[in-house]
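Chain residues, written in single-letter form:
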Amino acid sequence: MAMDAREIESLIKQALPDAQVTIQDLAGDGDHYAAQVVSSEFTGKTRVQQHQMVYAALQGRMGGVLHALALNTSPPNA
Amino acid sequence: MFGFFKRKPAGTMQTRTQTDEDLPMTKAAATADHPVFERIKTEIGEQDVVLFMKGTPVFPQCGFSAAVVQILSHMNVKFKGVNVLDDMEIREGIKAYSNWPTVPQLYVKGEFVGGCDIVREMFEEGELQQYLEGKGLQ
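Not measured: the values here are computed from a predicted model. The written sequence of each chain sets the order in which its residues are numbered from 1. By the order in which they are written, chains take letters starting at A while ligands take numbers starting at 1. For a predicted model such as this one, the threshold for reporting local features is a pLDDT of at least 70, and the threshold for listing and counting side-chain atom pairs is 80 or more; totals across whole chains, interfaces and linings nevertheless cover every residue. With hydrogens and water excluded, all non-hydrogen atoms of the structure serve as input to the side-chain values.

**Let's talk about the overall build of chain B**
Here is the rule: To qualify as a helix, a DSSP run of H or I must reach at least 4 residues; to qualify as a strand, a run of E must reach at least 2; elements of each kind are numbered from the N terminus. The cut-offs for exposure are 20% and 50% of the maximum accessible area for each residue type, with area from a 1.4 Å probe on protein chains only; residues under the lower value are buried, those over the upper are exposed, and the others partly exposed. Should any heavy atoms of two residues lie within 4.5 Å, those residues are counted as being in contact.
Regarding its fold elements, chain B presents 6 helices and 4 strands. Scanning chain B from its N terminus toward the C terminus, one meets helices and strands in the order α-α-β-α-β-α-β-β-α-α. Buried residues in chain B amount to 48% of all 138 residues. Sequence separation of 24 or more characterises 70% of the internal contacts of chain B that already satisfy a separation of 6 or more.

**Points about the state of the cysteines**
Residues and elements named next belong to chain B. The condition that has to hold: What counts as a disulfide here is a pair of cysteine sulfur atoms lying within 2.5 Å.
Taken as a whole, this structure holds 0 disulfides over all chains when the rule is applied. No disulfide involves Cys62; its sulfur sits 7.8 Å from the nearest other cysteine sulfur, which is in Cys116. Residue Cys116 is classed as buried on the basis of its relative accessible area, which comes to 8%.

**Topic: the nonpolar core**
Here is the rule: Here, nonpolar core means buried Ala, Val, Leu, Ile, Met, Phe, Trp, Tyr and Cys residues that are tied together by side-chain atoms lying within 4.5 Å of each other.
Counting residues in each nonpolar core, the largest one holds 60 residues, and the members touching the most others are Ile12, Val37 and Leu58 of chain A together with Phe52 of chain B. Sorting elements by how many residues they give to this core places helix H3 (residues 63-74) of chain B first, with 6 residues. Discounting chain neighbours no more than four positions away, the residues touching Leu58 of chain A are Ile8, Leu11, Ile12, Leu66 and Leu69 of chain A.

**Quick notes on the confidence of the model for chain B**
All names here are of chain B. Here is the rule: pLDDT expresses how confident the predictor is about each individual residue, on a scale running from 0 to 100.
Scored by pLDDT, chain B comes out at a mean of 83, with 76% of its residues at no less than 70. Low confidence marks residues 1-31, where pLDDT is under 50. Its contacts with residues over four positions away, or in another chain, come to 80 contacts. Listed scores for the predicted complex are pTM 0.81 and ipTM 0.86.

**Let's talk about the packing of aromatic side chains**
Quick reminder of the rule: The criterion for an aromatic pair is that two Phe, Tyr or Trp rings (for Trp, the six-membered ring) have centres within 6.5 Å, with stacked assigned to planes under 30 degrees apart, edge-to-face to planes over 60 apart and tilted to the rest.
In this structure the tally under the stated criterion is 6 aromatic pairs over all chains. Through pairs of rings, three or more aromatic residues link up here, namely Tyr55 of chain A together with Phe37, Phe52, Tyr97, Trp100, Tyr107 and Phe112 of chain B.

**Remarks on the pattern of salt bridges**
Should the charged atoms of two oppositely charged side chains come close, the side chains can pair. To keep it simple, the criterion reads: Each salt bridge in this description consists of a side-chain nitrogen of Lys or Arg and a carboxyl oxygen of Asp or Glu lying within 4 Å of one another.
What the rule picks out here adds up to 13 salt bridges over all chains. The salt bridge partner of Glu9 of chain A is Lys13 of chain A, with a shortest N-O separation of 3.0 Å. Of this pair, Glu9 of chain A and Lys13 of chain A are both found in helix H1 (residues 5-15), 4 residues apart, which corresponds to roughly one turn of the helix. Exposure remark for Lys13 of chain A: the relative accessible area of 34% places this residue in the partly exposed category. A salt bridge links Glu111 of chain B to Lys135 of chain B, with the nearest nitrogen and oxygen atoms 3.5 Å apart. In this pair, Glu111 of chain B sits in strand S4 (residues 111-114) while Lys135 of chain B sits in the segment after helix H6 (127-134), placing the two residues 24 residues apart along the sequence. By relative accessible area, which is 37% here, Glu111 of chain B ends up partly exposed. Given a relative accessible area of 23%, Lys135 of chain B falls into the partly exposed group. Connected through salt bridges with shared partners, the residues Arg47 of chain A together with Glu121, Glu125 and Glu127 of chain B form a single ionic network.

If you want it as structure tokens, here you go:
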């Protein structure tokens, strides 16, 4: 099971349209990614809430088909 | 020694070989009144700092769990590890309890603090120390 980086990016952008998403495929196996997500919708949210918003955007894939996604989230200019 | 915790610039990030092979959340576990929530509350209430993890603090079986153990140990924080690999009900239930899809999960005085990325970020920025001090634990 694996997931394409573009699919991850597009799911995140569907939920957070202004998001700037940078994804790295850490192991080159389509299974271990790191994502940096910057969105104005994170403003005023805790880190836990910001990550939960990204996980919600991934619609249950995190922990399922997507094994490892190291997340770094922030509002713009933080 | 603790270079592992330092954030890497884009392109040089360390490759992790450990995976987070969790099963997708089941419908039963997502039910708010699922009985496993009572067991989870009991576990969380037993000590100020509780880490739900894969493996044990002495023998973590996942790189993400190991990273959080390393941070807590480095800070001399006393904590209880709950090995989710030993208990499928807790393994699934903890994800619904916190609305968080992965393990490890750190709880302090009953409050969900975050997973590996958040704990690491808080540690690097000195926030974890402040947070624990604020809870009277450091």
